Every structure is written in structure tokens, then in C-alpha cells.
Amino acid sequence: MKKIINTSKAPAPIGPYNQAVLIKDTLYISGQIPIDPTTGELVEGDIKAETRQSMENLKAILAEAGMTFGHVIKSSIFIKDMNQFAQINEVYGTYFDADTAPARETVEVANLPKFVNVEISMIAVR
């Protein structure tokens, strides 16, 4: 049985999907882009700030499900420009302990929703 997870502390979905779905002890979090949930506006202009906002949105969804970044087993990062990888990775890394960080892939793509520079999705397990 699946449980839908949504929180006002992360941006509302911009399509026919939910922020996350919990099945038993596994949480599947939809890709989060740098939208500030309090204003509904995109965080733009600085890839570190954009990454931080995406991670904060993920953090809020994890918290709504009673989890933390310590529960994350897999991340997917989609970026518009691989030349920004080091800056994205620097911010991303502050949310995890290097010894227990999740599996991950980072993929450069042509475009993302709302033409943002970064989108991150995660899978977490209790």
C-alpha cells in the first residue's frame, strides 16, 4: 500500500505527481528544483544557492516522512552544465557524511523543468 507524502515546506508539484510516495519503509522522492516554497519563486543566478534550495526541499520532504538524509540510499542529480559539477557537489556534500553517503549518479541534460540548472531526486529507506 502506498502513502502519499506532501508538505507545504517544499514546493507544490507542478504537474500530475506528488512530492513523494512511501511504500512500506521505502520513500521515493520526486525531483526537486530550486523553488522557494514560501514565495513560489525560483532561486536563480548562483548554482550553489540553487543546489542548496533543492536540497532543503528534499530535507523538508524527508522530515515529513519521518526521515533524514541519513536514510537516503540513492540520489540522482540532473544538471544543465557539467562545468558546474564541482560547485553542486560541494553543496550536496554538506548534507551527507562521506562514510555513509548514498549511491548517486550525476547526469548532464539539455533542459530541466522551468529551465533550472539543477534537479535532484532521492530514494530513502527506514
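Right above here is the structure, for reference.
Every value quoted in this text rests on a predicted model; they were computed, and no experiment measured them.

Caption draft 1: Up close: the overall build of the protein chain. Along its length, the protein chain carries 2 helices and 6 strands. Helices and strands in the protein chain line up, N terminus first, as β-β-β-α-β-α-β-β. Relative to its length of 126 residues, the protein chain is compact, with a C-alpha radius of gyration of 14 Å against a globular reference of 14 Å. The dimensions of the protein chain, computed from C-alpha atoms along their principal axes, are 40 × 35 × 25 Å.

Caption draft 2: Representation of the packing of helix H1 (residues 47-64) against helix H2 (residues 85-93). Here H1 crosses H2 at 40 degrees, and the two axes come no closer than 9 Å. One way to sum up the angle between H1 and H2 is to call them oblique. Both H1 and H2 take part in a crossing whose hand is right-handed. Between H1, through Ile-47, Lys-48, Thr-51, Arg-52 and Met-55, and H2, the contact on the second element is made entirely by Gln-87, Ile-88, Glu-90, Val-91 and Tyr-92. Of the residues assigned to the contact of H1 with H2, the class counts are 5 nonpolar, 2 polar and 3 charged.

Caption draft 3: Structural detail: the sheet that holds strand E2 (residues 20-23). Sheet architecture is open: 6 strands sit in the order E1-E2-E3-E6-E4-E5, paired in mixed fashion. Bordering the open sheet on either side are strand E1 (2-5) and strand E5 (103-108), each of which pairs with just one other strand. Across the sheet, the mean angle separating the axes of adjacent strands is 15 degrees when strand polarity is ignored. Both strand E4 (residues 72-79) and E5 contribute to a ladder of 6 bridges, which runs parallel. By the bridge assignment for E5, Ser-76 is matched with Glu-105. Together, E1, E2, strand E3 (26-32), E4 and strand E6 (118-125) form the strand contacts of H1, whose direction differs from that of E6 by roughly 30 degrees. Sheet contacts for H2: E4, E5 and E6; angle to E4, the most-contacted strand, approximately 150 degrees.

Caption draft 4: Structural context of the pattern of salt bridges. A complete count under the given rule lists 2 salt bridges for this structure. Of the charged contacts in the structure, one is a salt bridge between Lys-48 and Glu-90, with a shortest N-O distance of 3.1 Å. Pair noted here: Lys-48 is in helix H1 and Glu-90 is in helix H2, with a separation of 42 residues, a long-range link. The shortest N-O distance in the salt bridge between Lys-74 and Glu-105 comes to 2.5 Å. Taken together, the positions of Lys-74 in strand E4 and Glu-105 in strand E5 put the pair 31 residues apart, joining distant regions of the chain. Lys-74 gets classed as partly exposed once you look at its relative accessible area, which sits at 24%. Here Glu-105 falls in the partly exposed class, since its relative accessible area comes to 31%.

Caption draft 5: How the structure looks around H2. Every buried residue of H2 is accounted for by Ile-88, Val-91 and Tyr-92. The buried residues of H2 all sit within an arc of 100 degrees when viewed along its axis, so they share a single face. Against the buried residues of H2 lie H1, E4, E5 and E6.

Conventions we followed
Residues numbered from 1 in each chain as written. Predicted model: local features only at pLDDT ≥ 70, side-chain atom pairs only at ≥ 80, totals over all residues. Heavy atoms only, no water. Helix = DSSP H or I, 4+ residues; strand = E, 2+ residues; numbered from the N terminus. Rg over C-alpha atoms; globule rule 2.2 N^0.38 Å. Axes fitted to C-alpha atoms, helices over the stretch in contact; angles between N-to-C directions. Parallel < 35°, antiparallel > 145°, perpendicular 65-115°, else oblique. Left-handed = near helix turned anticlockwise from the far one by under 90°. Contact = heavy atoms within 4.5 Å. Nonpolar A, V, L, I, M, F, W, Y, C, P; charged D, E, K, R; others polar. Pairing = 2+ DSSP bridges. Salt bridge = Lys/Arg side-chain N within 4 Å of Asp/Glu carboxyl O. Buried < 20%, exposed > 50% of the residue type's maximum accessible area, 1.4 Å probe, protein only. Arc of directions from axis to C-beta.

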